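Chain by chain, the residues run as shown.
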Amino acid sequence: MDRLSRALHRHEFYLAATLALLASIIALINPAFLSLSNLFDLCKSSTVLGIFALGVLIVLLSSGIDISFTAIAVLSMYVTSRVLLAVDYSGPVIVAFAVAGCLGLLLGLFNAFFISCYRLPTLIVTLGSASVFRGFLLAFIGTKIVTSLPAGMVEFSKRSLFATTLPGGETTGLAASFLLFVVAAVMVCVLLRYTMLGRGIYALGGNPEAAVRAGFNIARLQFFIYGLVGFLSGVAGLIHACMMRNANPFDLVGTELVVIAAVVLGGASITGGRGTVIGTVLGVFLLVTINNSLILLGIPSYWQKVLVGLVIVISTGITARRNPRALHGVVVS
Amino acid sequence: MSDERDNVSVSKGPAALPARLQRCLPAEGATVRLLIITVAVFIAMSLLNPGRFLTYRNFASMCFQFPELGIFALAVTVSLVTGGIDLSVISIGNLTGILAALILTQATGADPSAPMLAAYIAGAVVAAVAASALCGWINGILISRFAITPILATLGTMQFFMGISLVITKGHAIAGYPKAAQFIGNGTLAGVPVPLLIFLLLACLVQVMLSRTRLGLHLYLMGTNPVAARFSGLDVRRLLSKTYLLAALLSGMAGLVIISRTNSAKADYGSSYLLQAVLVAILGGVNPRGGFGSAWGVLLAVLSLQFLSSGLNMLQLNETVGPYINNFTKEFTWGALLLLMMVVNYYCGRPRTQ
């Protein structure tokens with residue numbers, strides 16, 4: 001009974017309830033929402049956003065913020081596609097993921113270098129590095145959209161799970177890339193809950209001074225955190241390219257605020273130390289459902305920014321209320 | 001230039017300096033560094049663009065371009081001094097501009113007799129001030145009452161205000177105002193561009209506010225040590241509200257200058273200004289952890305950025321390097337400059353923290 005009442009007071013419970021309520025309202029207005037192909041579509045739309053969100057969660061937990069992850073993703077995705085095409089690669093897609101992930105890792109370490117070695121505020125560093133990455137990509141690498149991706153990536157984009165044939169004769173299935181989101185979520189969850197590194201990330205976000213006293217190596221933690229975010233971003237960027245079946249260097253950048261909104265909606269606190277993978281995943285689903293349903297409900301898409309803004313403000317307001325530690329918001333990084 | 005500062009502190013000894021001067025020194029060091037950078041960029045661009053950069057036409061066009069960015073940078077500076085940040089400045093500027101534009105476009109169709117026109121323009125300015133004040137009040141409430149971190153609160157309101165602009169305009173530009181309304185952005189007074197005058201006036205006001213008034217002192221104190229500020233009896237909530245109100249009012253002014261200069265108002269105008277405004281504030285010696293910064297630094301920083309930007313634009317005409325220079329090269333340069341300046345400030349600022 002005690003456990004039940006505690007579960008009912010958790011942020012994740014409210015999120016799940018909101019999501020269920022929202023889904024039933026939308027389904028009542030437009031039954032197409034509950035169709036198998038729409039549900040698969042929701043999963044597909046939440047894949048890239050979700051993997052980004054896992055990275056952002058880790059950064060927020062350590063009381064930092066990263067807004068360069070979309071620039072990292074687009075740079076690694078575009079360079080990987082161009083390089084694989086240049087060497088005429090036609091093998092399995094795993095190599096593409098490895099290349100994109102490693103590129104992302106390097107770019108993440110670039111961030112970590114400035115943040116850790118010079119103790120600079122994470123927001124300003126990633127604001128600068130985001131424009132360095134994107135400017136470098138568009139000024140020196142290329143601005144053309146790559147339309148014919150390597151064979152492995154095209155094949156990956158066509159692969160689907162639970163393929164079924166609908167009564168109309170159309171086939172529908174869950175995109176295989178969704179599996180990568182699930183794997184990433186489980187791995188980040190294990191990392192945060194059951195490893196010393198995860199404890200370190202929470203400790204760093206909760207109180208850096210105490211984390212040092214407890215024996216955590218802050219520099220090593222920061223290199224790990226920003227490196228991991230970079231790796232996840234690189235992978236997410238490549239998934240995006242596969243789904244779009246092209247590599248567009250103008251994509252993704254500009255969506256970082258939506259991702260941060262999803263994570264904050266999921267209950268992560270920007271002052272660090274609070275947040276869970278389950279909450280983040282629910283936050284992502286909630287935001288994707290809102291975006292997706294605006295179309296189903298016939299609301300003009302220019303209302304989207306108003307709603308996203310409101311969602312950020314309201315959810316941060318609720319999180320701040322639950323966290324009396326915040327000293328009237330006089331915290332920058 | 002760090003030597004120079006070291007000399008000062010070595011010859012007199014830190015203890016011998018009056019407390020007030022000592023507090024100013026780190027900022028002074030940054031300002032001297034910035035002056036050197038500005039002059040260096042100016043000379044480099046003059047040498048790289050012979051016969052083009054050092055012309056009256058170029059200076060005239062630069063004087064119309066940088067004031068709006070400068071005003072946004074002042075707004076960011078005010079928030080950075082207190083240790084927070086206002087990311088919603090550009091959205092507030094655009095929303096304010098759109099509301100003013102709605103009033104001004106009414107005037108184009110109406111009778112252009114002088115009193116009516118003046119009333120319309122006055123109405124537009126009043127609406128702009130009121131709208132930006134409302135936006136700033138919302139930011140202030142969220143940050144001071146609900147204790148939301150400034151980054152997140154202004155991240156949310158940035159989307160929210162921009163969303164409202166989009167809803168009002170449905171994504172279109174609102175263009176075509178009476179000639180008289182374009183004076184704010186395109187006119188000159190005694191040969192000096194009006195936007196430049198507005199920027200200089202606002203910079204002086206912000207500088208006086210920061211360095212000569214009680215409010216300014218309190219803002220610095222809150223930025224340096226919020227806990228100490230609270231325990232010394234400052235009303236942190238009211239100070240925060242005032243900070244974001246001021247930042248929003250400044251953004252609203254920038255919005256007016258923009259719509260008057262471009263003769264149109266758009267929901268997504270100047271999306272690259274946010275990074276630039278933060279960059280200018282940091283270049284100007286404003287410490288993002290709060291407690292330092294001045295409007296003079298902002299003035300120098302915005303000048304150096306404008307020299308760089310105009311100079312790079314002209315380099316596009318150069319045969320050898322021209323093909324490699326475009327808007328994205330500028331984006332790259334700005335980001336690199338931001339990182340570089342913070343590292344330089346780290347090394348030069350270190351002695352005082354020991």
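Just so it is clear, the structure is predicted and the values come from calculations on it, not from any experiment.

## A closer look at the overall build of chain B
Within chain B, the regular secondary structure consists of 14 helices and four strands. Relative to its full complement of 354 residues, chain B shows a buried share of 50%. Counting only contacts in chain B whose residues sit at least 6 apart along the sequence, the fraction spanning at least 24 positions is 80%.

## What to know about the overall build of chain A
Helix and strand content of chain A: 14 helices and two strands. In summary, chain A has a C-alpha radius of gyration of 20 Å against a globular reference of 20 Å for 333 residues, a match within 12%. Across its three principal axes, chain A shows a C-alpha extent of roughly 60 × 50 × 35 Å. Put simply, chain A has 333 residues, and 50% of those count as buried. Long-range pairs, those at least 24 residues apart, make up 77% of the contacts in chain A between residues at least 6 apart in sequence.

## Some points on the nonpolar core
Residue and element names in this part refer to chain B. In this structure, Phe72, Leu74 and Val280 are the most contacted members of the largest nonpolar core, which totals 207 residues. Here this core gets 16 residues from one element, more than from any other, and that element is helix 11 (residues 236–262). Ignoring anything within four residues of it in the chain, the contact list for phenylalanine 72 reads Val89, Ile90, Gly93, Ser251, Ala254, Tyr273 and Ala277.

## Side note on the packing of helix 4 (residues 69–86) of chain A against helix 5 (residues 94–117) of chain A
Residues and elements named next belong to chain A. Where helix 4 meets helix 5, the axes come as close as 9 Å, and the angle between the chain directions of the two elements is 140°. Comparing the axis directions of helix 4 and helix 5 gives the class oblique. In the crossing of helix 4 with helix 5, the sense of the turn from one axis to the other is right-handed. Two secondary-structure elements touch here, helix 4 through Ile72, Ala73, Leu75, Ser76, Met77, Val79, Thr80, Val83 and Leu84 and helix 5 through Ala96, Val99, Ala100, Leu103, Gly104, Leu107 and Gly108. Taken together, the residues of the contact of helix 4 with helix 5 sort by class into twelve nonpolar, four polar and no charged.

## Considering the environment of A:Val154
Residue and element names in this part refer to chain A. On the secondary structure map, valine 154 appears in helix 7 (residues 151–158). Taking the C-alpha atoms as reference points, valine 154 and arginine 245, 91 residues apart in sequence, are found 6.5 Å from one another. Here valine 154 is in contact with Leu149 and Arg245, once residues within four sequence places are set aside.

## Some words on the packing of helix 5 of chain A against helix 11 (residues 218–244) of chain A
Residue and element names in this part refer to chain A. Between helix 5 and helix 11, the least distance of the axes is 6 Å, while the angle of their chain directions is 145°. The two elements helix 5 and helix 11 cross, and the hand of that crossing is right-handed. Here the residues of the contact of helix 5 with helix 11 are counted per class, giving 16 nonpolar, eleven polar and no charged.

## Points about unusual backbone geometry
All names here are of chain A. Here the phi dihedral of arginine 245 falls at roughly 60°; this positive angle occurs in a residue that is not glycine. Tracing the backbone shows arginine 245 in the loop between helix 11 and helix 12 (256–265). For arginine 245, a count of 13 C-beta atoms within 10 Å gives the class partly exposed. Of note, the phi angle at leucine 252 is positive, near 70°, even though the residue is not glycine. Structurally, leucine 252 is set in the loop between helix 11 and helix 12.

## A word on helix 3 (residues 56–81) of chain B
Residue and element names in this part refer to chain B. Spanning 26 residues, helix 3 covers 36 Å between terminal C-alpha atoms, matching the ideal 38 Å at 1.5 Å per step. Remark: the principal bend of helix 3, roughly 30°, maps to phenylalanine 66, with a proline, proline 67, within the next four residues. In the stretch just after helix 3, glycine 83 is the one whose phi turns positive, near 90°.

## As for the confidence of the model for chain A
Taken over all residues, the pLDDT of chain A has a mean of 86, while the share at 70 or more is 94%. Per-residue pLDDT stays below 50 along residues 325–333 of chain A; that stretch engages in 39 contacts with residues further than four places along the chain or on separate chains.

## Focus: the confidence of the model for chain B
All names here are of chain B. In this model, chain B carries a mean pLDDT of 82, and residues with pLDDT of at least 70 account for 87%. Mean pLDDT values for the elements of chain B range from 39 in helix 1 (residues 2–12) up to 93 in helix 11. Low confidence marks residues 1–17, where pLDDT is under 50. Its contacts with residues over four positions away, or in another chain, come to 13 contacts. With pLDDT under 50 throughout, residues 21–26 is counted as low confidence; its partners more than four residues away or in other chains account for six contacts.

## Quick notes on the pairing of strand 1 (residues 160–165) of chain A
Residue and element names in this part refer to chain A. Along strand 1, only zero of the six residues are buried, which leaves the element largely exposed. Summarising the sheet, strand 1 and strand 2 (residues 171–175) pair through four bridges and their orientation is antiparallel. When the bridges of strand 2 are listed, serine 160 appears paired with alanine 175.

## Comments concerning the environment of B:Gly123
Residues and elements named next belong to chain B. Tracing the chain through its elements places glycine 123 in helix 5 (residues 114–144). With 15 C-beta atoms packed within 10 Å, glycine 123 lands in the partly exposed category. Separated by 23 residues in the primary sequence, glycine 123 and alanine 100 have C-alpha atoms spaced 8.0 Å apart.

## Regarding the environment of A:Gly108
All names here are of chain A. Examined against the element boundaries, glycine 108 turns out to sit in helix 5. C-beta crowding within 10 Å serves as the criterion here: with 30 such atoms nearby, glycine 108 is assigned to the buried category. Separated by 36 residues in sequence, glycine 108 and isoleucine 72 place their C-alpha atoms 7.6 Å apart. If we skip the residues at most four places from it in the chain, glycine 108 touches Ile72, Tyr226, Gly227, Val229, Gly230 and Phe231.

Cut-offs and rules
- Within each chain, residues carry numbers counting from 1 in the order of the written sequence.
- By the order in which they are written, chains take letters starting at A while ligands take numbers starting at 1.
- Predicted model: local features are reported for residues with pLDDT of at least 70 only, side-chain atom pairs are reported and counted for 80 or more only, and whole-chain, interface and lining totals are derived from all residues.
- Under the DSSP-based scheme used, a helix requires at least four consecutive residues in state H or I and a strand at least two consecutive residues in state E, with every element numbered from the N terminus.
- Burial in this document is a count-based property: other C-beta atoms within 10 Å of a residue's C-beta are tallied, and the residue is buried at 20 or more, exposed at 12 or fewer, or partly exposed in between, with C-beta positions derived from the backbone.
- Each residue gets a C-beta atom placed from its backbone, and two residues are in contact if those atoms lie within 7 Å.
- Throughout, radius of gyration means the C-alpha value; the globule benchmark is 2.2 Å times the number of residues raised to the power 0.38.
- Think of a nonpolar core as buried Ala, Val, Leu, Ile, Met, Phe, Trp, Tyr and Cys residues, each tied to the set through C-beta atoms within 7 Å.
- Fitted lines through C-alpha atoms serve as axes, helices being fitted only where they are in contact, and the angles separating the N-to-C directions of these axes extend from 0 to 180 degrees.
- Roughly parallel means an angle under 35 degrees; roughly antiparallel, over 145; roughly perpendicular, 65 to 115; everything else is oblique.
- Crossing handedness: left-handed means the near helix sits turned counterclockwise from the far one by under a right angle, and right-handed means the same turn made clockwise.
- Each residue is assigned to one class: nonpolar for Ala, Val, Leu, Ile, Met, Phe, Trp, Tyr, Cys and Pro, charged for Asp, Glu, Lys and Arg, and polar for all the others, Gly among them.
- By this rule the span expected of a helix is its residue count minus one, scaled by 1.5 Å.
- A residue's bend is simply the angle between two axes: one fitted to the seven residues ending at it, one to the seven starting at it.
- By definition, pLDDT measures how confident the predictor is in each residue, and it falls between 0 and 100.
- Should DSSP find at least two bridges between two strands, the strands are regarded as paired.

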